[in-house]
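Chain residues, written in single-letter form:
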Amino acid sequence: MQRYFIDEAIQVEQQVTLTGETAHHMLKVMRMQPGHRVELVTPDEQAFISELTELDATDKTVTVTVQSPITKSVELPRREKVKKRRSRSSALAIYSAFLFSLARISSIMPVMY
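It should be emphasised that the depicted structure is a prediction, and the values quoted were computed from it without experimental measurement.

## As for the overall build of the protein
Looking only at helices and strands, one finds 3 helices and 7 strands in the protein. At a minimum sequence separation of 6, the contacts of the protein that also span at least 24 residues come to 56%. Looking at the protein as shown, the accessible area adds up to about 8,300 Å², and 50% of this sits on carbon and sulfur atoms.

## Regarding unusual backbone geometry
Phi angles above zero are rare outside glycine, and Glu13 is one such case at about 70°. Along the polypeptide, Glu13 turns up in the loop between strand 1 (3–5) and strand 2 (15–18). A relative accessible area of 60% places Glu13 in the exposed class. A positive phi angle, near 50°, is found at Arg31, a position not held by glycine. Relative to the helices and strands, Arg31 resides in the loop between helix 1 (20–29) and strand 3 (37–41). Given a relative accessible area of 63%, Arg31 falls into the exposed group.

## Describing the sheet that holds strand 1
Read from one edge of the open sheet, 5 strands run 1-3-4-5-2, paired in mixed fashion. Strands at the two margins of the open sheet, each flanked by one partner only, are strand 1 and strand 2. Shown here is a sheet whose adjacent strand axes are inclined to one another by a mean of 40°, direction ignored. For strand 1 and strand 3, the ladder comprises 3 bridges, and the chain directions are parallel. Paired with Tyr4 across the two strands is Leu40, which belongs to strand 3. Contacting strand 1, strand 2, strand 3, strand 4 (47–56) and strand 5 (61–69), helix 1 crosses the sheet at an angle of about 95° to strand 5.

## Remarks on the nonpolar core
One finds Ile10, Leu18, Met26, Val38, Leu40, Val62 and Val64 to be the most contacted residues of the largest nonpolar core, which totals 16 residues. Secondary structure elements with two or more residues in this core: strand 2, helix 1, strand 3, strand 4 and strand 5. Ile10 has contacts with Val16, Leu40, Thr42, Phe48 and Val66, leaving out every residue within four places of it along the chain.

## Some points on the side chain of Thr65
The topology assignment puts Thr65 in strand 5. Excluding its chain neighbours within four sequence positions, the residues that come into contact with Thr65 are Gln14, Gln15, Ile49, Ser50, Glu51 and Thr53.

## With respect to the confidence of the model for the protein
For the protein, per-residue confidence averages 78 on the pLDDT scale, and residues scoring 70 or more make up 67% of the total. For the stretch residues 106–113, pLDDT sits under 50, and the model shows 0 contacts to residues farther than four places along the chain or on other chains.

## Topic: the pairing of strand 4
Where strand 3 lies against strand 4, 5 bridges are found, and the strand directions are antiparallel. The residue of strand 4 that forms the bridge with Val38 is Ser50. Two successive antiparallel strands, strand 3 and strand 4, enclose a turn made up of 5 residues, where Glu45 displays a positive phi of approximately 65°. Strand direction decides the pairing type here: strand 4 and strand 5, joined by 8 bridges, are antiparallel. Following the sheet pairing, Phe48 is matched in strand 5 by Pro69. Between strand 4 and strand 5, which pair antiparallel and follow one another directly, the connecting turn spans 4 residues, one of which, Lys60, has a positive phi of 55°.

So, how was this worked out
- Per chain, the residues get numbers from 1 upward, laid out in the order the sequence is written.
- Confidence filtering applies because this is a predicted model: local features only for residues at pLDDT of at least 70, side-chain atom pairs given and counted only at 80 or more, and all residues used for totals across whole chains, interfaces and linings.
- With hydrogens and water set aside, each side-chain value is computed from the structure's full complement of heavy atoms.
- To qualify as a helix, a DSSP run of H or I must reach at least 4 residues; to qualify as a strand, a run of E must reach at least 2; elements of each kind are numbered from the N terminus.
- Here a residue-residue contact requires only that any non-hydrogen atoms of the pair lie within 4.5 Å.
- All accessible-area figures derive from a Shrake-Rupley calculation using a 1.4 Å probe, and residue coverage is judged against the displayed protein chains alone.
- The buried label goes to any residue with under 20% of its type's maximum accessible area, the exposed label to any with over 50%, and the partly exposed label to all in between, with areas taken from a 1.4 Å probe on protein chains only.
- If DSSP finds at least two bridges between two strands, the strands pair.
- Helix axes are fitted to C-alpha atoms over the stretch in contact, other axes to C-alpha atoms as well, and angles between N-to-C directions run from 0 to 180 degrees.
- We call a set of buried residues a nonpolar core when its members are Ala, Val, Leu, Ile, Met, Phe, Trp, Tyr or Cys and they connect through side-chain atoms within 4.5 Å of each other.
- Known as pLDDT, the predictor's per-residue confidence is scaled from 0 to 100.

Structure representation (structure tokens):
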């Protein structure tokens, strides 16, 4: 899923029209069609999943409908890794994260690095 940074604040169920380099990239480079989903990141570092609804190649505009903020679920890490995960989540513009504990998950599924 492609991620695009926009210069305006958005809300869920809002229609947003994108122009300029962002629209050009969606239309010509990625050759997206209505129904494709993208991530939009706002200036206040919130990420939203959005779906393309209209494309206009002549005017080079793309209209997307904002569907939902991005939420990430992560396992409860060791103490030294909490800080690293928190900083990485903010760098990825994660809206919210849920920490949970998994018992014996490493014995069920091998960890691949």
